[in-house]
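Structural overview for review
Listed below, chain by chain, are the residues.
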Amino acid sequence: MANIITTSIVVNFGQGDQGILQAEIDNRPTGYNNGDTSFAPGEEPAFLIFKTSNVILDSITPSVGSIQDLSNAVNVAKDEFITFEDSKTATTAYPVTGNFTSTWIGRSLGAVTVTNQKDISVATKGVAVLKVTYTSQAIAKRLTGVPTTLGGETSFPVVIYIVGHIN
């Protein structure tokens, strides 16, 4: 019998502005974890939640431990390359809350506009790369109360499930 290989894809359909809700370990060199991104059982890592203003947080549930509030307003500098594939619009990975600047890398598609804290529009439809730099504001939280062993394991993952809705 031949080996079977499969894959899948999810296509999301929706209406209106979906917003951004994203979380990540605080990896900033001067952040709450001092640049660390891996942790030993018993440590208390901090993480950042980025959301557009139209997203309301409903719940944050860890698979073990508790969540502690750190700050509701952490400014994080972001740099990214936005690609345009025969289009006039693209989206940033994080909400844009200030200090937005942009530079065309190669071909220019003209004036750049940011709306809805994430949507990038340009003057001309085309294929191009835009380098953007901006400030994104995050909510800082800390995972606490993780034991040094769990289920007899000394190395294990912890899931933090974050739910929000569009306002």
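Above this text you will find the structure in question.
Computed from a predicted model, the values in this text were never measured in an experiment. (Residues numbered from 1 in each chain as written. Predicted model: local features only at pLDDT ≥ 70, side-chain atom pairs only at ≥ 80, totals over all residues. Heavy atoms only, no water.)

**Focus: unusual backbone geometry**
Positive phi outside glycine occurs at Asn99, with the angle close to 55 degrees. Locating Asn99 in the fold gives a position in strand 5 (residues 98-105). Taking the relative accessible area as the measure of exposure, Asn99 reaches 62% and is therefore exposed. The phi angle at Asn116 is positive, at roughly 55 degrees, despite the residue not being glycine. Looking at the element boundaries, Asn116 is found in the loop between strand 6 (112-115) and strand 7 (119-144). (Helix = DSSP H or I, 4+ residues; strand = E, 2+ residues; numbered from the N terminus. Buried < 20%, exposed > 50% of the residue type's maximum accessible area, 1.4 Å probe, protein only.)

**Some remarks on the environment of Gly164**
Of note, Gly164 is situated in strand 8 (residues 160-166). Classification of Gly164 as partly exposed rests on a relative accessible area of 30%. A C-alpha to C-alpha distance of 4.2 Å links Gly164 and Leu57, two positions 107 residues apart in sequence. With sequence-adjacent residues up to four places away left out, Gly164 is seen in contact with Leu21, Ile56, Leu57 and Asp58. (Contact = heavy atoms within 4.5 Å.)

All we've got here are geometric facts, nothing functional implied.
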